[in-house]
Amino acid sequence: MTTKPRLPAWCQHLLRAIVDLQDRELVAGDLTERWPEVSARRGPRAGGRWLRREVVRAVWILGVRPRVGRAVRVVIRSGWTADARDAWRRLRSTPGLTAGIIATLSLGIGANTAVYSVLNHALLDPLPYRGGSRLAYVYSGGDSFYFVPTLRLARAWRGASSALEDLTAYGRVRAVWRDAFGTERDVSAARVEPGFFEFLGVRPDVGRALLPGDAVPSDATPAVVSRAMAARISEDPRSVPGQSIQLLRHAFSPATNETVETVFTLTVVGVMPAGFAFPGNNTDVWFPQGPLPPETIVTVLARLRPGVGAHTANAALLAAEQAAGVRPAGPGPIVRFPGDILGVSAATALWALQIAVGLVLLIGCVNVSHLLMARAHRRRAEAAVRLAIGASRGRLLRSYALEAVLLAGGAAACGLAVGAGTLDLFRAWRPDRFLTPLASTHIDIASYAAAACFSLTAVVLATVVPAWRASTADPARALGTGTRGSDGGSRRATVRMRALIVTELTLTFVVVVSAGLLGRSFTTVMRRDPGFATRNVRHLDFRFEGARYADLAERRRGLSEIVERVRALPGVSYVSFGQGLAPEGGISRDRLMAVDTGATLPDGDATLSYIGPNYFPTAGIQLAAGRSFTAEEIRDGAHVLAINLSTARRLFPEGAAIGRTVDLVTVTERRSTWTVVGVAEDTHARGLTSDAGGLQVYFPFRFELQVPTLTLAVRSEESASDPTALVSETVRSVAGEHSVGQVTTVDSLIAASLARPRFVAMLFGSLSVLALVLASVGVYGIVCYDVARRRKDVGVRLALGAGRARILGWLFGAAARPVGLGLATGVAASLAATHYLSPLLDEGSPTDPLTFALVLVVFAIVAGAAVALPARRSSRLDPLDVLRAE
Amino acid sequence: LISCHKYKILAGVIVRLTDIEQLILLAVVRLGPEAYGVGIQREIEERTGQDLQFGSIYRALRRLEEQRLVIGTLGEPTSERGGRRKKHFRLTAAGERALRRSIDGLQAMADGVALRGLGRP
């Protein structure tokens, strides 16, 4: 007697999910028949597992999957797709409106995305290494100036372990790499601590990183190279470890105040992954720094402990300095996160841009909302008919919402394209000195999504809310008033119209005034007299090549030969040489004090140039008193110097600077005495945006101080042809085949110094044009709609004998009042807002009355036209036509 | 709704069998009158070691039925199945043709291929 086989209850319960009854019966029957057999063969536990697996699989294949398929078919049949098609047809029936809305929104979304992406990347993005958001540079300095510290300080800062998790010091070295064939190429190298890679949390692709033992000086110092460098050394990067490379370095030693050329032989031990080139973005070689004098200047990167802010870290670093007894003069160490390094005005520029572009999106949304609301008003009759013939309200709203989603989706897609295009434009306009990381900026998805969601919300609200109101209204009334009648809440519509006009004009006014102020500041700066000649002056950077120029006397002889031969070239009127020549003046880190008056120039504030004989006439700088340096003074390294008028006034307030002596105190506290022999007129020595009244010191060019390259300044005659080729050829013939670097005109250097303000002014200018166009189109649309709403009134008035001028005045007045109000609030808002722009304004006040007046005039004209055109058209109506149409 | 498979049959499109379909058709041929769910599963497991679940088997059989490659007939309820019926399957002429083509294709591909263990007597 066998018991009737049965499946467990859970199993029968689950099998009910199988859709097809016959399938259910067959599977249940099969399981009932097979389960005892499987259990007997494999044991009860395995049998249970088998049953579970069979049931789950059967339910999934025969129960769940068919249901999902059916649900999809239900959705398709339930009318969603039909509604979407319907929405699509309606959008296509008004192509102009659809295109206008999509264009407006996509411009707004695109501009927003691009600017936010730049902002995120340049200001907010941390370094992409271990503990990135806690990585910060440490400087020694104050609020307005900060300096890279010395190794001595870096060592002392290690004591601040309460605030710092870790710290690494490194220096960047420009070196020349001599490859296996003897060809010399410039490479960027970094002198790092052995723990550098571990600090950043990166490891080499091939070979090993630097080890603590590597810092010991040896004949073949281990080094790590970049992937790009490895490719230059050998075709197969895997074969690079073990090879040796030769680097030539011109190292400036602060201890001896001399530049020495040293040849390094490095043995490659590792190759970094492609894309890693920190510090900077083109470092090719990393080698251990070995024992260095404590005065060596280094860059310090620290990883703060979690939760430690800049203030706490500053205090801890100061305490560590004091504890180590190496506290230098000045306000103390300062922690700066990578984003802050841009400096105040670049950050202000980006924030201002962000706000401006946000306003543009807002203006766009206001426009679009109005257009959609006006359309919804025209569609009241359609909605009433659909409701009357039995459409449910939900279905009606769904159809409108789908339309809004289609519109916003189209705008979002176009916005992404506009954003990518704008970002490309940014990159093309990018002034190098402004934002180097811009080159690698990519679209910031979060900001794009935010802008797109904002637009979507605006569009959906502006579509669905009026549709909801229309669906609750009395259909008979909606049908009765037709499409042109004044809407029920005429007063409300008027208030809404006015509010829209006022909002739009206020926002636009702020953007346009900001652009105007920046543009005016920029053009004023551009017209500044630099104080030196810009036309026909060329700067040629070069360096002496080869072993024979290691000798000081040989370099001196080579330089005088170059100067003589270049001066003899046709068309060349003056030749000089030097370093830190205007408009690329260096920054002095030394302190200068008048011996007899005791007046001191603040360190780090003066512009520094090392110049050869005849520099002033070559550069076109006027001497106010005294003379240039003579060739003998330069040859002998005489302790003479020249200063500009502002410096003379600061050091010798009582007058007559010529012949007076000053003390120069270097960072390493070495003191020397110098005699003033010349006073030059003030110049914008660090570019046109720099202060002409700044302090400037000219030293005689010193060969001992020679850093890798020096600059040859050549001034040619007005009518002469470009001597660049001849000059380069001459320099090459003396200094070596690969000696000539960059050749630039002073004009182009000036243009480069204006790149940042130009970038900001251009961006603001294009944003303001965009805002102005959007706002004028918006105001025009609003007034057109308002005038159309009043057609019946116009017709009645005309029929009753009102004159056309009177009608025109009435319509114009109705629209002009909110325009006037909008302009007034615009002026008020701008006065409050432009104050924040002042760090960006090199010239002019943030409340410049001329700019405000000009912008007001432009707005009056644009808004006047936007109001007058529809009013004029309406006043010319034939009253009979109007009334008949009703 | 006529399924896609039926269109293919009507249009004379050559049906390609999947691995599972091939196995199931072969099992149906082997089992003759005993070709129903449990028999098919057991046969495939014993001969190939493949553990096909009933869900997969019935889905494949449903497809084969739609393609008119097999015909199923319901039998009488039995007590060993808890009073449920069996469904017996047999091949149609089209099913035989499809299976023949499929096996011929496989054999043609395997011919002359030297693999360890293949072609062993």
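Residues numbered from 1 in each chain as written. Chains lettered and ligands numbered in written order. Predicted model: local features only at pLDDT ≥ 70, side-chain atom pairs only at ≥ 80, totals over all residues. Heavy atoms only, no water.

(A) Geometry of the pattern of salt bridges. This structure, assessed with the given rule, holds 38 salt bridges over all chains. We note a salt bridge from R34(A) to E45(B), for which the minimum N-O separation is 3.2 Å. You can see R34(A) sitting in helix α2 (residues 21-42) and its partner E45(B) sitting in helix α3 (residues 37-48), one on each of two chains. Just as R34(A) is buried, E45(B) falls in that class too. Two residues, D722(A) and R538(A), come together in a salt bridge whose shortest N-O distance is 3.1 Å. Highlighted residues: D722(A) in the loop between β23 (710-716) and α20 (724-735) and R538(A) in strand β12 (residues 537-542), separated in sequence by 184 residues. Residue R538(A) is classed as buried on the basis of its relative accessible area, which comes to 17%. Because the salt bridges share partners, they merge into one network encompassing R34(A), E37(A), R41(A), R42(A), R53(A), R42(B), E45(B) and D51(B). (Salt bridge = Lys/Arg side-chain N within 4 Å of Asp/Glu carboxyl O. Helix = DSSP H or I, 4+ residues; strand = E, 2+ residues; numbered from the N terminus. Buried < 20%, exposed > 50% of the residue type's maximum accessible area, 1.4 Å probe, protein only.)

(B) Structural view of the nonpolar core. Residue and element names in this part refer to chain A. Judged by nonpolar contacts, the single largest core of 62 residues is most densely connected at F426, F764 and F859. Top element by residues in this core is helix α22 (residues 755-789). It accounts for 14 residues. Those residues in contact with F859 that lie beyond four places of it in its chain are L505, T508, F509, V512, L772, L823 and G864. The next biggest cluster of nonpolar side chains, apart from the first, holds 42 residues, and it includes Y549, V572, A594 and V662. (Core = buried A, V, L, I, M, F, W, Y, C linked by side-chain atoms within 4.5 Å. Contact = heavy atoms within 4.5 Å.)

(C) Region of interest: the packing of helix α2 (residues 19-31) of chain B against helix α4 (residues 54-66) of chain B. Residues and elements named next belong to chain B. Contact geometry of α2 with α4 gives a least axis separation of 10 Å together with a crossing angle of 85°. The orientation of α2 relative to α4 falls into the category roughly perpendicular. In this structure, α2 uses I20, E21, I24 and L25 to contact α4, whose residues at the interface are I57, A60, L61, R63 and L64. Taken together, the residues that form the contact of α2 with α4 break down as seven nonpolar, no polar and two charged. (Axes fitted to C-alpha atoms, helices over the stretch in contact; angles between N-to-C directions. Parallel < 35°, antiparallel > 145°, perpendicular 65-115°, else oblique. Nonpolar A, V, L, I, M, F, W, Y, C, P; charged D, E, K, R; others polar.)

(D) Here's a closer look at the interface of chain A and chain B. Contacts between chain A and chain B engage 28 residues on the former and 25 residues on the latter. Of the roughly 2,400 Å² buried where chain A meets chain B, counting both sides, 45% is carbon and sulfur surface. Ranking the residues of chain A by area buried against chain B places D30(A), E33(A) and R34(A) at the top, with a combined share of 24%. Counting the contacts that link chain A with chain B gives 11 salt bridges. The partner of R42(A) in a salt bridge is E45(B), with the nearest N and O atoms 3.0 Å apart. At the surface where chain A touches chain B, the tally comes to 18 residue pairs in polar contact (both at pLDDT 80 or more). (Buried area = accessible area lost by both parts, 1.4 Å probe. Polar contact = N/O pair within 3.5 Å; in protein donor to acceptor, adjacent residues only side chain to side chain.)

(E) Focus on unusual backbone geometry. Cis geometry marks the peptide bond from A582(A) to P583(A); its omega dihedral reads 5°. Mapped onto the elements, P583(A) comes out in the loop between β13 (572-579) and β14 (586-587). Even without being a glycine, R68(B) presents a positive backbone phi close to 60°. Tracing the chain through its elements places R68(B) in the loop between α4 and β1 (70-74).

(F) Representation of the packing of α2(B) against helix α5 (residues 93-110) of chain B within the structure. Residue and element names in this part refer to chain B. Direction vectors running N to C along α2 and α5 enclose 120°, while the axes themselves pass 11 Å from each other. Relative to α5, the element α2 lies oblique. Considering how the two elements wind past one another, α2 and α5 form a crossing that is left-handed. Between α2 and α5, the residues in contact are Q22, L25, L26 and V29 and G95, L99, S102 and I103, respectively. Broken down by class, the residue content of the contact of α2 with α5 amounts to five nonpolar, three polar and no charged. (Left-handed = near helix turned anticlockwise from the far one by under 90°.)

(G) Summary view of a nonpolar patch on the surface. A contiguous nonpolar surface patch, about 430 Å² in accessible area, is contributed by W60(A), V64(A), V68(A), V72(A) and I76(A). Residue position: W60(A) is located in helix α3 (residues 44-77). (Patch = residues over 30% accessible without salt bridge, like charges linked within 9 Å, V, L, I, M, F, W, Y side chains within 5 Å. Areas by Shrake-Rupley, 256 points an atom, 1.4 Å probe, with all protein chains shown as cover.)

Scope: geometric values only; no functional claims are made or implied.
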